[in-house]
Amino acid sequence: MTFVTLKVLEGMDRGAVFAKLPLPITIGRESDSDVQLNDDRVSRAHAKLQDHNGRVILTDLGSTNGTRVNGHPVQMRVMQDGDVMLFGRCVLLFCQSLNDEPMTDLDDPRRTVQDPEAEQDDDLQFDFTGVEPTIGCEPGILFPQGRPVIPVELTTLQRVQLSDFLSYIHEQVGLVVKGAVEDLHGGQGRSVKCDWPTWSRLTMLQAEISEDIRTINNPEG
């Protein structure tokens, strides 16, 4: 079974840890949410985390103020250890763990909140070393751990469609790369420049991909 641990970095509940929660879980302002956040900018039912073959998927549930991961607005996202989620003014750090059983020595393991000042059992500790983010700065990289995994459980048709889609992006980016030249008079540091048609091709590609992401995340419109 897949479990997740969420550490509250900013917000009214700062310092709380929702430890080893079995999926699926809901996040929101409602009292019956698995992770309840005290913030009027958090929707009553804001988002959910669910398991899909060992991968954790975050889905925004049509919240008023949206959901961000690593500073970027998302509708759906396959989570990675160290991802930082923003719900309203609440900043949460995500970590995934695979264990045989959730914690059973607490009254409600789905709603375990640890006091960081209290003495804790070693079994309740969770290692966040090296993944503490900087809060309050410009949005960071959406995928700090690198390129997401390409799905493997695809039909032959889906594989061809995915290959065609990536080939199209590869071709368009290649045209931009070929059209850019090094700016030998740009002052300190190396830089490149491109003409307006090349720049327009790149921005149009981003617009097309944005529409594709929206269509994939909202298949019913």
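The paragraphs below set out a description of the structure included in this document.

Below, the discussion takes up the sheet that holds strand β6 (residues 55-60). Taken in spatial order, the 5 strands of this open sheet run β4-β3-β5-β6-β9, and their pairing is mixed. Each having just a single partner strand, β4 (35-36) and β9 (76-78) make up the two edges of the open sheet. In this structure, β6 lies alongside β9, joined through 3 bridges in antiparallel fashion. Bridging across to β9, L58 finds its partner in R77.

Of the volumes computed, that of the largest pocket is approximately 2000 Å³. Contributing to the lining of the largest pocket are 36 residues, with V78, P148, V149, P151 and I216 lying nearest its centre. Breaking the lining of the largest pocket down by element, the ones donating at least two residues are β6, β8 (72-74), β9, α1 (156-179) and α2 (196-217). At 8 residues, α2 tops the list of elements feeding residues into the lining of the largest pocket. Classifying every residue of the lining of the largest pocket gives 20 nonpolar, 10 polar and 6 charged.

Looking now at the side chain of T198. Following the sequence through the fold, T198 ends up in helix α2. Judged by relative accessible area, T198 falls into the buried class, the value being 5%. Apart from residues lying up to four places away in sequence, T198 is in contact with L175, V176 and G179.

Once that is clear, we can look at the nonpolar core. Core analysis: the biggest nonpolar cluster contains 24 residues, and L6, V35, L49, L58, M85, F87 and L92 have the highest contact counts within it. For this core, the elements supplying multiple residues, two or more each, are β1 (2-10), β2 (17-22), β3 (25-28), β5 (47-52), β6, β10 (84-87) and β11 (90-98). Excluding residues within four positions of it along the chain, F87 makes contact with I27, L37, D39, V42, H46, A47, L58, T67 and L92.

Looking at the secondary structure, you find L49 in strand β5. With 27 residues separating them along the chain, L49 and P22 place their C-alpha atoms 9.8 Å apart. L49 has contacts with V4, L6, L23, P24, I25, I27, V56, I57, L58, M79 and F94, leaving out every residue within four places of it along the chain.

In contact at an axis separation of 9 Å, α1 and α2 are set at 160° when each is read in the N-to-C sense. Taken together, the axes of α1 and α2 are roughly antiparallel relative to one another. In this structure, α1 meets α2 at a crossing whose hand is left-handed. Taken together, the residues of α2 that come into contact with α1 (itself represented by F165, Y168, I169, Q172, V173, L175, V176 and G179) are T198, R201, L202, L205, E208, I209 and D212. Counted by class, the contact of α1 with α2 contains 9 nonpolar, 3 polar and 3 charged residues.

Here we come to the pattern of salt bridges. If you walk through the whole model with that rule in mind, you get 5 salt bridges. Here D39 makes a salt bridge to R89, at a shortest N to O gap of 2.8 Å. Residue D39 is located in the loop between β4 and β5, and its partner R89 is located in the loop between β10 and β11; the two are separated by 50 residues in the primary sequence. Salt bridges here are not isolated pairs; linked through shared partners, they connect D39, D40 and R89.

What follows deals with the side chain of T2. Mapped onto the secondary structure, T2 falls in strand β1. At 3.0 Å, the side chain of T2 forms a polar contact with the side chain of D51.

Pairing of β3 with β5 involves 3 bridges; the strand directions are antiparallel. Across the sheet, residue I25 finds its bridge partner in β5, namely L49. Across 6 bridges, β5 lies against β6 in antiparallel orientation. Paired with Q50 across the two strands is I57, which belongs to β6. Between β5 and β6, which pair antiparallel in sequence order, lie 2 residues; one of them, N53, sits at a positive phi of approximately 55°.

Each value, and the rule that gives it
Residues numbered from 1 in each chain as written. Predicted model: local features only at pLDDT ≥ 70, side-chain atom pairs only at ≥ 80, totals over all residues. Heavy atoms only, no water. Pairing = 2+ DSSP bridges. Helix = DSSP H or I, 4+ residues; strand = E, 2+ residues; numbered from the N terminus. 1 Å grid on protein atoms, 1.4 Å probe; cavity = no way out; pocket = protein on both sides within 12 Å on 5 of 7 lines; lining within 4 Å. Points joined across faces, edges and corners; volume = space filled by probe spheres on them. Nonpolar A, V, L, I, M, F, W, Y, C, P; charged D, E, K, R; others polar. Buried < 20%, exposed > 50% of the residue type's maximum accessible area, 1.4 Å probe, protein only. Contact = heavy atoms within 4.5 Å. Core = buried A, V, L, I, M, F, W, Y, C linked by side-chain atoms within 4.5 Å. Axes fitted to C-alpha atoms, helices over the stretch in contact; angles between N-to-C directions. Parallel < 35°, antiparallel > 145°, perpendicular 65-115°, else oblique. Left-handed = near helix turned anticlockwise from the far one by under 90°. Salt bridge = Lys/Arg side-chain N within 4 Å of Asp/Glu carboxyl O. Polar contact = N/O pair within 3.5 Å; in protein donor to acceptor, adjacent residues only side chain to side chain.

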